[in-house]
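# Coordinates in review
The residues making up each chain are set out below.
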Amino acid sequence: YVHNTKEMLEKARQEGYAVPAFNIHNLETLKVVVEAAEELKSPLILAATPGTMKYSGRDYIQAIAEVAAKNVSIPVALHLDHHEDIDSIKQSLVLGVKSVMIDGSHFTFDNNIKITSEVVKLAHQYGATVEGELGTLVGQEDDLIVEAEDAAYTNPDLAKEYVQKTNIDSFAMAIGTGHGLYKTKPNLDFDRLEKIKNLVSIPLVLHGASGISAEDVRRCISLGCAKVNIATELKIPFAENLREYLQNHPNESDPRKYMKGAKEKMKEVVKEKILICMSDGKA
Ligand code: 13P
Ligand code: ZN
Ligand code: NA
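Residues numbered from 1 in each chain as written. Chains lettered and ligands numbered in written order. Predicted model: local features only at pLDDT ≥ 70, side-chain atom pairs only at ≥ 80, totals over all residues.

- The chain has the name Ketose-bisphosphate aldolase in an unreviewed UniProt entry, where Aquibacillus halophilus is given as its organism.

Written as structure tokens, this is what we have:
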């Protein structure tokens, strides 16, 4: 039942909105995101990092996503976020995943092309689509830590070459966003994004959207970003509410009760993000 992201993202790029990709970790967070998207009739991408797969289990995440996709009217994709290892990608393809990110952005240009092309050939055999990345983001996404001095903005001409040589379906670039929240206001390079948009015709992917203003996200969407990745800004309200609830109810031990408010708070943020992406009503 889970979709690949080809039609979803091409429609979004054509019509000038973005499909939100929300990082989920377990049954609770997956269901929150699915319910919010269903209520707003938004197409949806569930994103799972290798760390999440290790925590919850690749087969469990796949199974929950399949049930969710079957039970709702909106298109739902399960997407492998920031995967680096071909064997684990293969495991998920066999389980039925239809959307894959191969993150070879920390390799040299030639090696990035090599590993990305290899994943594209494999994934396309399974009817899955592939997101590739060129240029690196600062911050931490699970176990992947990139220091500021190692981050590099994407070169538009190399972006064009990378997309042509790898045959990827969507393209993640570095234009000044980073994973997590920002210590100082991020400076997004919109001119660079516009150049990339004009050279690359496939849907573009904005990573690190937590901490980016609604206005800046919308501007990125108008410049070709058809997928917007959001992780940190969903984790915070969940954890804050849970912390507060348990502090105020020290004798509560029922997860069905103590996670209720946390899920509601997270759901509010999911809905806000869907509205920023303008994907409501697009399912
Ligand atoms: P944020 O945590 O900044 O939202 O980044 C999410 C992301 O890019 C996931 O791939
Ligand atoms: Zn990311
Ligand atoms: Na961010």
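### Regarding the environment of Leu93
- Looking at the secondary structure, you find Leu93 in helix H5 (residues 86–95).
- Taking the C-beta count within 10 Å as the criterion, Leu93 has 19 such neighbours and is therefore assigned partly exposed.
- Along the chain, Leu93 and Tyr126 lie 33 residues apart, while their C-alpha atoms are 6.6 Å from each other. (Helix = DSSP H or I, 4+ residues; strand = E, 2+ residues; numbered from the N terminus. Buried ≥ 20, exposed ≤ 12 C-beta atoms within 10 Å, placed from the backbone.)

### Considering unusual backbone geometry
- Even without being a glycine, His82 presents a positive backbone phi close to 45°.
- Along the polypeptide, His82 turns up in strand E3 (residues 76–83).
- In this model, Met278 sits at a positive phi of 60°, which is unusual for a non-glycine residue.
- Structurally, Met278 can be placed in the segment after helix H12 (260–277).

### Side note on the UniProt feature "binding site: Zn(2+) 2" (unreviewed entry) in the chain
- This chain's UniProt record puts "binding site: Zn(2+) 2" (unreviewed entry) on Asp103 and Glu133. Despite a sequence span of 31 residues, these residues sit close together in the fold, their greatest C-alpha distance being 5.8 Å.
- The exposure class of Asp103 is buried, given the 26 C-beta atoms found within 10 Å.
- Here Asp103 is in contact with His82, His83, Glu84 and Glu133, once residues within four sequence places are set aside. (UniProt positions renumbered as here; feature names shortened; annotations may be inferred. Contact = placed C-beta atoms within 7 Å.)

### Structural notes on the sheet that holds E3
- With parallel pairing, the eight strands of this closed barrel are ordered in space as E1-E2-E3-E4-E5-E8-E9-E10. Looking at each pair of strands side by side, their axes are set apart by 25° on average, direction ignored.
- Here four bridges tie strand E1 (residues 19–23) to strand E10 (residues 225–230), and the two strands are oriented parallel to one another. For Pro20, the partnering residue across the bridge sits in E10 and is Val228. (Pairing = 2+ DSSP bridges. Axes fitted to C-alpha atoms, helices over the stretch in contact; angles between N-to-C directions.)

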